[in-house]
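# Close look at the chain arrangement
So you can see what is in the structure, the chains are spelled out below.
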Amino acid sequence: MFRNSRADFPKDFLFGTATSAYQIEGHGFGGAGLTHWDSFAATPGNVVRAEHGGRACDHYHRYAEDLDLAAAAGFDCYRFSTSWARVMPQGRGAPNPEGLDFYDRLTDAMLERGLKPCVTLYHWELPQALADLGGWRNAEIANWFGDYAEVIMGRIGDRMYSAAPINEPWCVGWLAHFLGHHAPGLRDIRATARAMHHVMLAHGTAIQAMRALGMSNLGGVFNLEWATPVDDSEAAQQAAARYDTIYNGFFLGGAFHGRYPDLALEGLEPHLPKGWQDDFATITAPVDWCGLNYYTRKQIAPDAGPWPQYAEVDGPLPKTQMGWEIYPQGLYDFLTRTARDYTGDLPLIVTENGMANADVVTKGKVEDAARITFVDDHLDAVRRAIADGVPVQGYFLWSLLDNYEWALGYEKRFGLVHVDFETLKRTPKASYHALRSALTGASK
């Protein structure tokens, strides 16, 4: 059972769970176009066992069952993403009627179950036709994304409780273009600088497009990762500061201060597109809330190689199935620092927090005590931040379902609900039942 319950939080505090389109829907049907993740997964060596999102959890056909589970757990909100390639198979031009109809049905199904729809327009599945044109390296992508925002929100925006343009800009920019771990799998600093900037420009463009449609309660969602120096040396301190600036400061600084921090520009500025400084009027389009996705911290050591001259080193704390250290203090630190340094009185939402766990399945039951402890400890951090005056207004658990974990295929399980990827049977885990009791007071 959880230590924390709904009664421990302010009356208007919102609890939710989150998913993303490509990870659960099944991209092989419904008229969806090819994405750069389909191509990335089809390239040997990129994804564990070359697994892909063609069927995933088949949420496209099973969404009613999945939303029943979310509602029964006592969640107030359901955070989901729309697939650009499902809505506009070529990324531009004529929309796909089947895709628009699906998100129409999905939205109405949430409302019928008393779930507030919280949409994210983009969770990494770029239409392949746009990737062929350079994808996030192409400055035109901000306009393409704005057009997409108009099409999909023109259909379902009137029923959204909240909306955000892009999930985790660091992953779209740095992870995919510098480290090469996600589609399109590049390792190119020039591509990285341009992708990072164009992601921010697309964010602001979509905010403006949704405002023009009359939408409100718009925000940005940023993934943050705490950086701890490996030792007390000045070199380690500088390396950790550089990691923190690239991972966290670049995107928050762009969105809320209208500038990129110097420690990031020292390596990226020579590669940014011409006239990049003129884009901040769009990038800083006002938002109504800020979302924080938080999972872990990294220990950082100096590295003698080229910029950015840091390296991740193995840390001493207990780790999740992903190999990520469990560090709840980092969530408290980010909530307090974000409010202090970037957002002020703007509401903060923990838009993702959770852990991958090697679940034990016995006699039809799934035990995941480690997840219960993980969530409890992070809810403690949220409560501490609220007690210290930080305007935290919601917490979303990642994820409702075990799903496609990108380059790691289907073996890393983040869900409250176990999915048998052969039969697609859903089995609520012990953490699901415990959370249901914490949110509703109901026993199993």
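Everything here concerns the structure above.
Described in the following lines is the structure provided in the data block. (Residues numbered from 1 in each chain as written. Predicted model: local features only at pLDDT ≥ 70, side-chain atom pairs only at ≥ 80, totals over all residues. Heavy atoms only, no water.)

## Observations regarding the packing of helix H5 (residues 97–112) against helix H7 (residues 141–156)
For the pair H5 and H7, interaxial distance at closest approach is 9 Å and the crossing angle is 40°. Taken together, the axes of H5 and H7 lie oblique to each other. For the crossing formed where H5 meets H7, the hand is right-handed. Between H5, through Leu 100, Asp 101, Tyr 103, Asp 104 and Thr 107, and H7, the contact on the second element is made entirely by Val 151, Ile 152, Arg 155 and Ile 156. A per-class count over the contact of H5 with H7 returns 5 nonpolar, 1 polar and 3 charged. (Axes fitted to C-alpha atoms, helices over the stretch in contact; angles between N-to-C directions. Helix = DSSP H or I, 4+ residues; strand = E, 2+ residues; numbered from the N terminus. Parallel < 35°, antiparallel > 145°, perpendicular 65-115°, else oblique. Left-handed = near helix turned anticlockwise from the far one by under 90°. Contact = heavy atoms within 4.5 Å. Nonpolar A, V, L, I, M, F, W, Y, C, P; charged D, E, K, R; others polar.)

## A closer look at the state of the cysteines
Considering all chains together, one arrives at 0 disulfides under this definition. As a non-bridged cysteine, Cys 118 has Cys 77 as the owner of its nearest cysteine sulfur, 4.1 Å distant. (Disulfide = S-S within 2.5 Å.)

## Side note on helix H14 (residues 369–387)
With 19 residues, H14 extends 27 Å from end C-alpha to end C-alpha; this agrees with the ideal 27 Å at 1.5 Å per step. Within H14, the full set of buried residues consists of Arg 371, Ile 372, Phe 374, Val 375, Asp 376, His 378, Leu 379, Ala 381, Val 382 and Ala 385. Its buried side turned inward, H14 meets strand S1 (14–18), strand S6 (289–302), helix H13 (329–343), strand S8 (348–352), strand S11 (392–398) and helix H15 (430–440). Phi turns positive one or two residues past the end of H14, at Gly 389, with a value near 95°. (Expected span 1.5 Å × (residues − 1). Buried < 20%, exposed > 50% of the residue type's maximum accessible area, 1.4 Å probe, protein only.)

## Concerning the packing of aromatic side chains
Per the counting criterion, the structure on display carries 40 aromatic pairs. For the pair Tyr 243 and Tyr 310, a centre-to-centre distance of 5.0 Å together with 70° between the ring planes defines the contact as edge-to-face. Of the two residues, Tyr 243 is situated in helix H10 (residues 234–257) and Tyr 310 in strand S7 (residues 310–313); the sequence distance between them amounts to 67 residues. The pair formed by Tyr 243 and Tyr 310 is uniform in burial state, with each residue classed as buried. Within the aromatic cluster, the residues linked to one another by ring pairs are Tyr 22, Trp 37, Phe 40, Trp 124, Tyr 404, Trp 406, Tyr 410 and Phe 421. A cation over a ring is seen here: Arg 86 above Phe 102, with NZ or CZ 5.7 Å from the ring centre. Over the ring of Tyr 332 we find Arg 384, and its NZ or CZ is 4.0 Å from the ring centre. (Phe/Tyr/Trp six-rings, centres within 6.5 Å; stacked < 30°, edge-to-face > 60°. Lys NZ or Arg CZ within 6 Å of the ring centre and 35° of its normal.)

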